[in-house]
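Summary of the model geometry
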Amino acid sequence: MSGRHIRTTFKILTITVILTMIVLGVMFGVAIASVRNIVSIENFSTFDPPLPSRLLDSEGRLITEFASSEKREIVSIKDVPQHLIDALVTREDKPFWTHHGFTVRSYARAFIGILTGKNLGGGSTITLQLAGTLYADRRDISFRRKFVELWWALQLERRFSKQEILEMYMNRMIMGPGVYGVEAASKYFFGHSAKDITIAEAAILVIQLSSPTRYNPIRNPNIARERSREVLNQMIELGYVDAEEADTSFALHWDNYDYTRVANDAFYARDDKAPWFSEYVRRQLEDMLYGSTDLYKDGLTIHTTLDLDYQAIADSYMNRYIAQVNKEYAASSSQRLREAERIYAPMAEMLGLAFNLENIFFNETKIRSKSMDFYRQNINPTIDALALMFGLEPLKAATNASYGLSKTQLEKNTVEGALITIDNETGYIKALVGGSKFEQSNQLIRATQAKLMPGSCFKPLYYSAAIDSRRFTPGTLIYDAPVVFYNEDGTPYIPLNYKGEWQGQVLTWFALAKSMNVPSVKVLDGIGFDAAINRAATLLGITSPDEIRMTFPRVYPLALGISQVSPLKMARAFSIFANQGREVSPIAIRSIDDRSGRSILEPEKDLRAAQSKKGSDIQVISPQNAFVMTDLLKRVVKDGTLAYPTASGAIFTYKDPDGNRYTIPSAGKTGTTQNWADAWTVGFTPYMTTAIWFGFDRPGNSLGVSQSGAAIAGLAWANYMADIHRGLPYKNFIRPQTGLIDVTVCAVSGLLPTNFCDEGTVTLTYYEGTQPRTSCDLHKFKSEQAESAIRNLSGQQDIIGGGQINATLDFDLSDIDMLLRSMEAQSTTPGGPALKPQGALQSEPVITVPQEVDVRMLD
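Heads up: these notes are all about the structure in this document. (Residues numbered from 1 in each chain as written. Predicted model: local features only at pLDDT ≥ 70, side-chain atom pairs only at ≥ 80, totals over all residues. Heavy atoms only, no water.)

1. Let's talk about the pattern of salt bridges
The condition that has to hold: A pair is scored as a salt bridge if a Lys or Arg side-chain nitrogen falls within 4 Å of a carboxyl oxygen belonging to Asp or Glu. Helix and strand definitions here come from DSSP, where helices need a minimum of 4 consecutive H or I residues and strands a minimum of 2 consecutive E residues; each element is numbered from the N-terminal end. In this scheme, a residue with accessible area under 20% of its type's maximum is buried, one over 50% is exposed, and one in between is partly exposed, where area comes from a 1.4 Å probe on protein chains only.
Going through the model one piece at a time under the given rule, you end up with 25 salt bridges. A salt bridge links D468 to R535; its shortest N-O distance comes to 2.8 Å. A residue pair is termed long-range when its members are at least 10 positions apart, and D468 in helix α15 (residues 459-469) and R535 in helix α18 (residues 529-540) qualify at 67 residues. For the salt bridge of D639 with K638, the shortest nitrogen-to-oxygen distance reads 3.8 Å. Judged by relative accessible area, D639 falls into the partly exposed class, the value being 31%. It is possible to trace a salt-bridge network through shared partners that takes in D57, R61, D307 and D309.

2. Section: empty space enclosed by the protein
Threshold: A pocket here means an open set of points on a 1 Å grid, computed over the protein atoms alone, that has protein on both sides within 12 Å along at least five of seven lines. A cavity is instead a set of points where a 1.4 Å probe fits but cannot get out; residues with an atom within 4 Å of a point line either one. Grid points are joined across faces, edges and corners, and a volume is the space filled by probe spheres set on the points. Only Asp, Glu, Lys and Arg are considered charged in this grouping, and only Ala, Val, Leu, Ile, Met, Phe, Trp, Tyr, Cys and Pro are considered nonpolar; every other residue, Gly among them, is considered polar.
Applying the stated criterion across every chain yields a total of five cavities of 30 Å³ or more. Considered as a void within the structure, the largest cavity measures approximately 90 Å³ in volume. For the lining of the largest cavity, the residue count by class is four nonpolar, four polar and three charged.

3. Some remarks on the pairing of strand β8 (residues 429-433)
Each regular strand carries side chains that alternate between the two faces of the sheet. Rules: In this scheme, strands are said to pair when DSSP sees at least two bridges between them.
Taken across its five residues, β8 has five buried, putting it largely inside the fold. Between strand β7 (residues 415-423) and the antiparallel strand that follows it, β8, lie five residues; G427 among them carries a positive phi value of about 80°.

4. A look at the pairing of strand β11 (residues 492-496)
Judged from the two bridges that link them, strand β10 (residues 485-486) and β11 form a sheet pairing that is antiparallel. Pairing of Y486 across the sheet is with P492, part of β11. Adjacent in sequence and paired antiparallel, β10 and β11 are bridged by five residues, among which G490 carries a positive phi angle near 90°.

5. Side note on the nonpolar core
Here is the rule we go by: In this text, buried Ala, Val, Leu, Ile, Met, Phe, Trp, Tyr and Cys residues form a nonpolar core when linked through side-chain atoms within 4.5 Å. Pairs of residues are marked as contacts when any of their non-hydrogen atoms sit within 4.5 Å.
One finds F552 and F694 to be the most contacted residues of the largest nonpolar core, which totals 136 residues. When residues no more than four places from it in sequence are discounted, the contact partners of F552 are F458, I533, A536, A537, L540, I542, L558 and S563.

6. Comments concerning the environment of D593
Applicable threshold: Polar contacts, as counted here, are pairs of nitrogen or oxygen atoms within 3.5 Å of one another; within protein the pair requires one atom able to donate a hydrogen and one able to accept it, and residues that are adjacent in sequence qualify only if both atoms are side-chain atoms.
In this structure, D593 sits in strand β13 (residues 589-593). Not counting chain neighbours up to four residues away, the residues in contact with D593 comprise L300, T301, H303, R598, S599 and I600. Engagement of the side chain of D593 in a polar contact is seen with the side chain of H303, the distance being 2.9 Å.

7. Structural notes on the packing of aromatic side chains
The relation between two aromatic rings is expressed through the spacing of the ring centres and the mutual angle of the planes. This is how the line gets drawn: The aromatic pairing rule takes the rings of Phe, Tyr and Trp, using the six-membered ring of Trp, and pairs them if the centres are within 6.5 Å, calling planes under 30 degrees apart stacked, those over 60 edge-to-face and the rest tilted.
All chains considered together, the criterion is met by 17 aromatic pairs. With a centroid separation of 5.6 Å and 45° between ring planes, the pair formed by Y462 and Y463 is classed as tilted. Each member of the pair, Y462 together with Y463, is buried. Their ring planes at 80° and their centres at 5.6 Å tell us that F684 and F733 sit as a pair that is edge-to-face. Here F733 lies in the loop between α24 (709-724) and β20 (740-746) and F684 lies in strand β18 (residues 679-684), a separation of 49 residues in the sequence. For the residue pair F684 and F733, the accessibility class agrees, reading buried in each case.

8. A closer look at the sheet that holds β18
Applicable threshold: Think of each axis as a best-fit line through the C-alpha atoms, taken over the contacting stretch in the case of a helix, with angles from 0 to 180 degrees between the N-to-C directions.
The five strands lie next to each other as β8-β7-β19-β18-β17, forming an open sheet whose pairing is antiparallel. Taken across any chain shown, the strands that pair with only one partner, and hence form the sheet edges, are β8 and β17 (667-672). The mean angle between the axes of side-by-side strands here comes to 5°, regardless of whether they run parallel or antiparallel. Pairing of β17 with β18 involves six bridges; the strand directions are antiparallel. Bridge pairing in β18 links K669 to V682.

As structure tokens, then:
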């Protein structure tokens, strides 16, 4: 068969297929039109317009609107310049002004492209594209969709003028990331209205219609420049624009183009009074909404738990303290560097010279570091812009790598912070701060997502189990001194107290209030890993066995808070203490209504129903345990590490309308991790619980020895909590009616006080049956030993004052202590008296610390 016959046959086949498609399309359209429920062909404007979804706080106040994918502004075709209209027609549909909705040539071109596997251009005219956008799902790649588009295109052409069709098209089509229509796109890309668009800008705008991502001039300026140049050349060929005018506009635009500009989605530029909370809710909504429900178009109303007043206070304090901590960190870092230069640099260089160690020279390292910093800050942005301008992909990859290193350094050297407040009874999230500033490069919601070591804030979780074990009470005597613990694998562990200080004999409540590490590890050792881990997991709401195994390592440093948990989980755990031991489930979304006000989802109602079904299982810990733990944590505020930030709780003192003063009780715990890397405070009142954290996204640096949990997080927590409680009436923690007893004990021994106990007493809350029943013999023993020593030394040189002493003289306890210490000192000499305390005074051996042991010192 000759070539001419083949071509003729192919043409006949092509024409037959096209005619068949047209006939089928018309038939299908007639069938659609005959269906009873079809939208009237005369009513092209009766569809629901896209509406933003509104986020409301607990008082019904607007937080923000979600409308990022429908950033749209309407503009009349009469108000835009003619060259924008010409550019649209040139790029999308050259015969637009003459066809009746479709062209056979376009369909044929598209059909041949499918057969040959080549991209010869689409078959859709401007009218077909508009019909598909309004009345079809353009994600559906099928002949059925093409038939629907064709039918509605014919109706559009019959009902509207070309000017009206083009106006609808230019206002409805997507033309950028979350941007619809030429007006919104012009403002997004060029910063001005489409009414003022230039010829070059018009060419850039119309190429967005085919691929808003690939031809985005911000992300891919070189590709956008080349493609827009092609559109300008076509406009010149069609006589829409003069060549000189087009060239001038093109050169003016690209010669002055800012290649360093960063793409910024409209979502991040929205007005938002609580951006971290809004993002937290948005992510939850993505999991909740199903089917065709669109958060950004369907005009939903989301009722949340946030209190905008609390949020404003939280933002104010966190911004202030994050800035302050970063300033202090920079100052302490500079001081450490100066000290290193003064003390260690000469030593390092001397070693380098002595042993020919080239990489150890301090000055060279310092110069190299400064050079790299200068390159990243000043040179790399310029090179990055040049790489974009000239399309140098390998160079662009190198600049991106430099940006990555800069980001890593920023994460290691920038202090971040997080705050979350929840209502103790409802679990409502009342305020949330996820970091310093919410933006495209900073979207980690640290309050809910970050896995952080809580330090000593973790201690109350297993102290709760210790109280339930009845092996420990608030008045149990624990000896605070260096001691070696051996992990399950045999490795030794020696905890140190904050600042390396030892207190000797202390009571449990005092050890927790002062955040002592050795007594805390002894508590963990006393109850065992299983009891401690099970209680911590229960309070934190961790139920998966795998997650429990990964979160809680079975090593003794667990006692000092090396598990990694979020501030939200820590707040949840502490709120259970305040809620009489009942479960607290943090919640952010109460209900969701559609655009007509009909409720479509009620997460809070579902949560309450699930909690109700639990019955008695909703009790996570007993009310008695919760009250004892609350009492212990109140002592942290009154006498412990939170005493200074809260003025021993006085910061929560207010006046009622009658002028009477009242103080709302408060409780909490501070935490500082190893090397002062993280600073925490988690605390609560009868109303609310708040967790605050400061630290680094990428570990490795220290906040500085002056920036502990009490010093920075404690101050932020105290001031913030004091402000949000202002105006609230007095409320106290609820005490169970049974199971508890208050007992006044000796402040030193924890036993019932006697007349000899002149170092003070303390009233503690015990489980009934665990309270002390024996009298203190510690001070009586000391007194008896002192009297015996006095009698034995009668007539000898006075070891205290240098003169003769009389056994009948009265001594206060400090004199007796001094006397006993002197006697113990003499006992180390040959023939000296040997005094060994009995019972409560039995001391534990001080074990020498091996050099290879890793020592952790956490607050």
